[in-house]
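Understanding the architecture of this molecule
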Amino acid sequence: MSKLFNEISQLRTFLPEVIPLEAEDYEQAINKSETGENEESQWQIYTHVLATLAFVRWLKERFGKGSVDNCSIFQPEKAKTLEAVYNLQVGEFKLCLILAENILNEEMILLPKLVIDDFDMAAHFYVVMAIDEEHEEAIVKGSIDYQKLIDYWHKKIIITDNDYYHLPLNLLDFEANHLLYYLRYLEPSAINLPVKSTEKISKKVVNVALWLQDEIDEITRSLNWSFPSRLSVASVQGFRSIAVFENAIAELNRRGLEIPHHARGCCRKIILANLHLQLLAATWLLPQQDNDAQEWSLLLLLAMQSGVSLPKGLRLQISDQDRVLSDKILEKNDDYFYRRLIGSYDDQFSVKITFNGSEETLEPLVFIDGITKKN
């Protein structure tokens, strides 16, 4: 990428790239905005349509390619779901448009986390735009590719909250010609996008259903999970492997989490970026209602093996086969991470732990049918 950047540094630049809006742009934007449920939603759709039509027209004029066929803003079920336009196809590249109206302050813009983390929404390039209605213009303010976003995130230049990444505007490439050059000469495979979790992890799975029979299979054993144990405080005290979670389990009990007698949990030690972590995964069957599908519960607790507090910045991400279900980063030192999920027999949950640029993705936890509940 740096070589490409040097090669194009001599090209004529246009800062910023201004695209006149046309009468038919407004007509489509107004018609499309009527699908919004309220004034805020209608305005979001309206500006997104204007930005998308202008940007695609600019691409076609300058690059010869660009299509709105699959992009989210022209799909009724997706148009009003996010503050972004994703799945904008340019050849084999996927682009995502972010409007500058999402600016958090004069230096930051908000990027919905889903358009970065979800394999179905992630894009090779993220383009920040603005709509100037007074002058009837759309403005390409800058762009950034997916890999740079991830690199900056690992370096803690980009911060995150529950739903957004906070992207400093000065990280953008303000030269629109660079984006055109990459689209023309770069191979899409040069930018690695997230893939469906079942494609990027080992085919090994951990069958937690066996734990309810006080058993683990060879795969689970080979992955260094401990032998199953009960989760009652009295039982925890008898198992050194999960003793570090005694206070956490007691606190969850006090907060109303009912862990049934038949629940079982296993532990796995993880060393990541010099952190000696321990993950407790516990499971139990949920009461089945009439003809409803049988569901199972998965409780995840992450703590330090020594019992000291987990460090600020530790990230715990949980995904199923299709998308990221939970993505949390410790904002301060804390005693443990806690997540609970409910799944059907078709579900499998993957855990990824990240700290200081290092990450560990564990084999999926599944519940294979045919297990008799043990009381």
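Only a predicted model underlies this, so the values are computations on that prediction, with no experimental measurement involved. (Residues numbered from 1 in each chain as written. Predicted model: local features only at pLDDT ≥ 70, side-chain atom pairs only at ≥ 80, totals over all residues. Heavy atoms only, no water.)

Below, the discussion takes up the nonpolar core. Formed by 67 residues in total, the largest nonpolar core has its most connected members in F55 and Y126. Ranked by residue count, the leading element in this core is helix α3 (residues 39-62), at eleven residues. Among residues more than four places away in sequence, those in contact with F55 are I19, L88, L95, L97, V127, M129, V140 and L179. Formed by 35 residues, the second largest nonpolar core is a distinct cluster that contains V206, L314, L330 and L362. (Core = buried A, V, L, I, M, F, W, Y, C linked by side-chain atoms within 4.5 Å. Buried < 20%, exposed > 50% of the residue type's maximum accessible area, 1.4 Å probe, protein only. Helix = DSSP H or I, 4+ residues; strand = E, 2+ residues; numbered from the N terminus. Contact = heavy atoms within 4.5 Å.)

A separate point is the environment of D69. Within the secondary structure layout, D69 lies in the loop between α3 and β2 (85-90). Using a relative accessible area of 61% as the deciding quantity, one classes D69 as exposed. Separated by 20 residues in the primary sequence, D69 and Q89 have C-alpha atoms spaced 7.9 Å apart.

What follows covers the pairing of strand β12 (residues 296-304). Side-chain direction in a regular strand flips from residue to residue, so the side chains alternate between the two faces of the sheet. Counting buried residues in β12 gives nine out of nine residues, a clear majority hidden from the surface. Neither face of β12 is open: one carries W296, L298, L300, L302 and M304, the other S297, L299, L301 and A303, and all of them are buried. Here nine bridges tie strand β11 (residues 275-285) to β12, and the two strands are oriented antiparallel to one another. The residue of β12 that forms the bridge with T283 is L298. (Pairing = 2+ DSSP bridges.)

Here we come to the sheet that holds strand β8 (residues 164-168). Hydrogen bonds between backbone groups are what pair the strands of a sheet, and the pairing can be parallel or antiparallel. Strand order across the open sheet formed by three strands is β4-β8-β7, with antiparallel pairing between neighbours. Strands at the two margins of the open sheet, each flanked by one partner only, are β4 (108-112) and β7 (159-160). Here β4 runs beside β8; their pairing, made up of five bridges, is antiparallel. In the strand pairing of β8, M108 is matched with P168.

Of all the residues in helix α5 (residues 146-154), the buried ones are Y146, L149, I150, Y152 and W153. Projected down its long axis, α5 shows its buried positions confined to an angular sector of 165°, all on one face. Two or three places before Q147, at the start of α5, stands the capping residue D145, its side-chain oxygen 2.9 Å from that residue's backbone nitrogen. Within two residues after α5, K156 carries a phi angle of roughly 65°, on the positive side. (Arc of directions from axis to C-beta. Polar contact = N/O pair within 3.5 Å; in protein donor to acceptor, adjacent residues only side chain to side chain.)

With that out of the way, let us pick up the packing of helix α2 (residues 23-33) against α3. Packing of α2 against α3 leaves a shortest axis separation of 8 Å and a crossing angle of 145°. Relative to α3, the crossing made by α2 is right-handed. Of α3, the residues touching α2 (which contributes D25, Y26, Q28, A29, I30, K32 and S33) are Q42, I45, Y46, V49, L50, L53 and R57. Counted by class, the contact of α2 with α3 contains eight nonpolar, three polar and three charged residues. (Axes fitted to C-alpha atoms, helices over the stretch in contact; angles between N-to-C directions. Left-handed = near helix turned anticlockwise from the far one by under 90°. Nonpolar A, V, L, I, M, F, W, Y, C, P; charged D, E, K, R; others polar.)

Moving on, we come to the sheet that holds strand β5 (residues 125-132). Spatial ordering of the open sheet is given by β1-β6-β5-β3-β2, a layout of five strands whose pairing is mixed. Across the chains shown, the open sheet's two edge strands, defined by having one partner strand only, are β1 (17-20) and β2. On average, each strand axis in the sheet is tilted by 35° relative to the strand beside it, whichever way the strands run. Pairing geometry for β5 and strand β6 (residues 137-145), over eight bridges, is antiparallel. The residue bridging F125 from the neighbouring strand is D145, located in β6. The strands touched by α5 within the sheet are β5 and β6, with β6 carrying the most contacts at an inclination of about 60°. Of the strands in this sheet, β1, β2, β3 (93-99), β5 and β6 touch helix α6 (residues 176-185), which is tilted by about 140° from β5.

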